[in-house]
Amino acid sequence: QVQLVESGGGLVQPGGSLRLSCAASGTSSSIGDMGWYRQAPGKQREWVAIINSRFGTRYVDSVKGRFTISRDSTKTTVYLQMNSLKPEDTAVYYCYTDSGLIRSWGQGTQVTVSS
């Protein structure tokens, strides 16, 4: 199991921006793919974005054009740049890795978009 440390959450106004980071332990092979889920109050957990060496990046429709997922050169840290934030983006955001054999999760970081 990969250990993940998330940071960058906080309180922002609608239209603002945040950049989430998630640093993973282990090698790039053990880490595999990296991405983000989120869970809003009273809602089920929702997949948001993924970055993969084969197919690149993919996003849920609701964040396309606003969010950008990326990784550093070592492929051990994933970022989620969130622009034009909306109140409906308010959620706990969870980083994850998927090696093809096991799924690992971060502890979650709170993102609140409110006036």
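Use the structure listed above.
Residues numbered from 1 in each chain as written. Predicted model: local features only at pLDDT ≥ 70, side-chain atom pairs only at ≥ 80, totals over all residues. Heavy atoms only, no water.

> Looking at this structure, I do not really get the nonpolar core. What am I missing?
Soluble, globular proteins show a tendency: their nonpolar side chains are buried together. Judged by nonpolar contacts, the single largest core of 27 residues is most densely connected at Trp36, Phe67, Ile69, Val78, Leu80, Met82 and Tyr93. Breaking this core down by element, the ones donating at least two residues are strand S3 (18-24), strand S4 (33-39), strand S5 (46-52), strand S7 (67-71), strand S8 (77-82), strand S9 (91-98) and strand S11 (109-113). When residues of this core are assigned to their parent elements, the largest contribution, four residues, is made by S3. Look past the residues within four positions of Ile69 in its chain and what remains in contact with it is Met34, Gly35, Trp36, Ala49, Ile50, Ile51, Thr57, Tyr59, Val78, Tyr79 and Leu80. (Core = buried A, V, L, I, M, F, W, Y, C linked by side-chain atoms within 4.5 Å. Buried < 20%, exposed > 50% of the residue type's maximum accessible area, 1.4 Å probe, protein only. Helix = DSSP H or I, 4+ residues; strand = E, 2+ residues; numbered from the N terminus. Contact = heavy atoms within 4.5 Å.)

> Would you mind showing me how to read unusual backbone geometry here?
Across residues other than glycine, the phi torsion is negative in most instances, and most of the peptide bonds are trans. For Lys75, which is not glycine, the phi dihedral falls at a positive 60 degrees. Along the chain, the position of Lys75 falls in the loop between S7 and S8. For Lys75, a relative accessible area of 36% translates into the label partly exposed. Positive phi, close to 50 degrees, is recorded for Ser84, a residue that is not glycine. Considering the arrangement of structural elements, one finds Ser84 in the loop between S8 and S9.

> Help me understand the sheet that holds S8 in this model?
Read from one edge of the open sheet, four strands run S1-S3-S8-S7, paired in antiparallel fashion. The open sheet is flanked by strand S1 (4-7) and S7, the only strands paired with a single partner. Direction aside, the axes of adjacent strands within the sheet are offset by 15 degrees on average. Across six bridges, S3 lies against S8 in antiparallel orientation. Looking at the pairing, Arg19 lines up with Gln81 of S8. (Pairing = 2+ DSSP bridges. Axes fitted to C-alpha atoms, helices over the stretch in contact; angles between N-to-C directions.)

> Explain the environment of Asp89 to me, please; I cannot follow it from the model alone.
Locating Asp89 in the fold gives a position in the loop between S8 and S9. In this structure, the C-alpha to C-alpha distance between Asp89 and Leu20, residues 69 residues apart in sequence, is 13 Å. Apart from the residues within four sequence positions on either side, Asp89 is in contact with Arg38, Arg66, Phe67, Ser84, Val111 and Val113. Among the polar contacts listed, one links the side chain of Asp89 to the side chain of Arg66, at a separation of 2.8 Å. (Polar contact = N/O pair within 3.5 Å; in protein donor to acceptor, adjacent residues only side chain to side chain.)

> Would you mind going over the pairing of S7 with me for this structure?
A regular strand places its side chains on the two faces of the sheet in alternate fashion. Burial along S7 is one-sided: Phe67, Ile69 and Arg71 are buried, while Thr68 and Ser70, pointing the other way, are not. Both S7 and S8 contribute to a ladder of five bridges, which runs antiparallel. In the strand pairing of S8, Ser70 is matched with Tyr79. Here S7 folds back onto S8, and the loop between the two strands holds five residues, one of which, Lys75, carries a positive phi near 60 degrees.

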